[in-house]
Amino acid sequence: MVSIFKQLYRYSHPRVMRHNENFWPYIAIRRASEDQIQKLTYCGKNVPLVNLNQLRAKASGDMTILATGPSVNTLDLQKLSGTTFIGVNGAYHLRKNVRFSYYVIVDRGFVKQRADLVKEVLRDEALVLFTTVHCLNDILKYTALKEITCRLAIIEDLSFKVFRGKVMPHEYERNYRDKKGIVLFPTEPCAGFSWDIRQGIFDAGTVAYWALQIAAWLGANRILLAGVDMNNFAAPRFYETERDKLPSFLSSNFEHVIKPAFFHASKELERAKIKTYNLCLNSGLGEDVFEKITPELLFPH
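Right, let's walk through the structure included here. In this text the structure is predicted, and so the values were computed from the model without any measurement.

Considering the packing of aromatic side chains
Applying the stated criterion across every chain yields a total of twelve aromatic pairs. With 6.3 Å between their ring centres and 90° between their planes, Phe193 and Tyr209 make a pair best called edge-to-face. Residue Phe193 is found in strand 10 (residues 191-194), and its partner Tyr209 is found in helix 7 (residues 207-218); the two are separated by 16 residues along the sequence. Taking relative accessible area as the criterion, Tyr209 reaches 0% and is therefore assigned buried. Look at Phe262 and Phe290: their rings are 6.2 Å apart centre to centre, the planes differ by 80°, and that puts the pair in the edge-to-face class. Of this pair, Phe262 sits in helix 8 (residues 250-271) while Phe290 is found in the loop between strand 12 (275-278) and strand 13 (291-292), placing the two residues 28 residues apart along the sequence. Of the two residues, Phe262 and Phe290, both sit in the buried class. Within the aromatic cluster, the residues linked to one another by ring pairs are Phe193, Trp195, Tyr209, Phe262 and Phe290.

Examining the pattern of salt bridges
A pair can form between side chains of opposite charge whenever their charged atoms are brought close. Counting across every chain of the model gives 17 salt bridges. The salt bridge involving Glu120 is made with Arg95; its shortest N-O contact spans 2.8 Å. Of the two residues, Glu120 sits in helix 4 (residues 115-122) while Arg95 sits in the loop between strand 5 (84-88) and strand 6 (100-105), which places them 25 residues apart along the sequence. According to the relative accessible area criterion, Glu120 is partly exposed, its value standing at 27%. In this structure, the salt-bridge partner of Asp138 is Arg108, at a minimum N-O distance of 2.6 Å. Within this pair, whereas Asp138 is found in helix 5 (residues 133-139), its partner Arg108 is found in helix 3 (residues 108-113), the two being separated by 30 residues in sequence. We classify Asp138 as buried; its relative accessible area is 4%. A residue is classified by how much of its surface remains accessible, and Arg108, at 26% relative accessible area, is partly exposed.

Notes on the sheet that holds strand 2 (residues 37-42)
Pairing is antiparallel across the open sheet formed by three strands, whose spatial order is 1-2-3. The two strands at the open ends of the sheet, each matched to only one other strand, are strand 1 (27-31) and strand 3 (45-46). Both strand 2 and strand 3 contribute to a ladder of two bridges, which runs antiparallel. When the sheet's bridge partners are listed, Tyr42 is paired in strand 3 with Lys45.

Examining the sheet that holds strand 12
Two modes of strand pairing occur in sheets, parallel and antiparallel, and in both the strands are linked by backbone hydrogen bonds. Spatially, the eight strands line up as an open sheet ordered 8-7-6-5-4-11-12-13, and their pairing is parallel. Taken across any chain shown, the strands that pair with only one partner, and hence form the sheet edges, are strand 8 (151-154) and strand 13. Inspection of the sheet shows strand 4 (residues 62-66) paired to strand 5 by four bridges, in the parallel sense. Considered in strand 5, the bridge of Met63 is made with Thr84.

Definitions and cut-offs
- Residues numbered from 1 in each chain as written.
- Predicted model: local features only at pLDDT ≥ 70, side-chain atom pairs only at ≥ 80, totals over all residues.
- Heavy atoms only, no water.
- Phe/Tyr/Trp six-rings, centres within 6.5 Å; stacked < 30°, edge-to-face > 60°.
- Helix = DSSP H or I, 4+ residues; strand = E, 2+ residues; numbered from the N terminus.
- Buried < 20%, exposed > 50% of the residue type's maximum accessible area, 1.4 Å probe, protein only.
- Salt bridge = Lys/Arg side-chain N within 4 Å of Asp/Glu carboxyl O.
- Pairing = 2+ DSSP bridges.

Without other data, these values stay purely geometric and don't point to any function.
Written out as structure tokens, the structure reads:
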């Protein structure tokens, strides 16, 4: 039945709409005036969503984006306990050491291959999970709505908005140049920074970049990057072994996509007086991007 719907969708919609084929006709949405998805139903059932408007400037002070680079194993997380944590992907393995307020999962491969961990995130009533409709659709194939007790916030990749045509980086200038809250960078391929996540988010090849834009929307005064190593092209993530590690596209994306986006984003954050530190001293993102520092120096007491 799934393949029949997919084929029907392909025959009845142009190729630029192809990214919607997996969740049609099960998912229906309604957008708010600012363009974010404010209502979503799955097989006719309402999926409760957090209003992105209500999350704007919801947090303040220090916010730690906890990623999964190997350097996490050497961090004194207790020193960061006074910050607000945004976790990404497998960082939830540290749930006994860290209280997550926010979480970001936008990788469909992670949803499928780490389903057990994703289920634990979904059961965490204390956090808001930022995810895409694409990931949510995959989640709902193996998780009943009643099992989801975290709060869901739907975000979108500016290239693949739901039930809209695909917009590739070379088309960003034409489509987003005049959008308030969207800043485009002079990179090739084109990248940018979203100060208004209701409009959508720039991907830039890594979930940490999504989290950076979310942290700015949430109102962080200072952003701390933990486990954003960007140098472990082949090494397992902090919770993995050589035997069970998931593939990484870091090596193919770092120089021409990830690094330029972070470089320009650092200038955006600087202009907004949001100080951002990288807690990985040997991160592939150099001092020209974010100042490197240890938690001990940031929080000496």
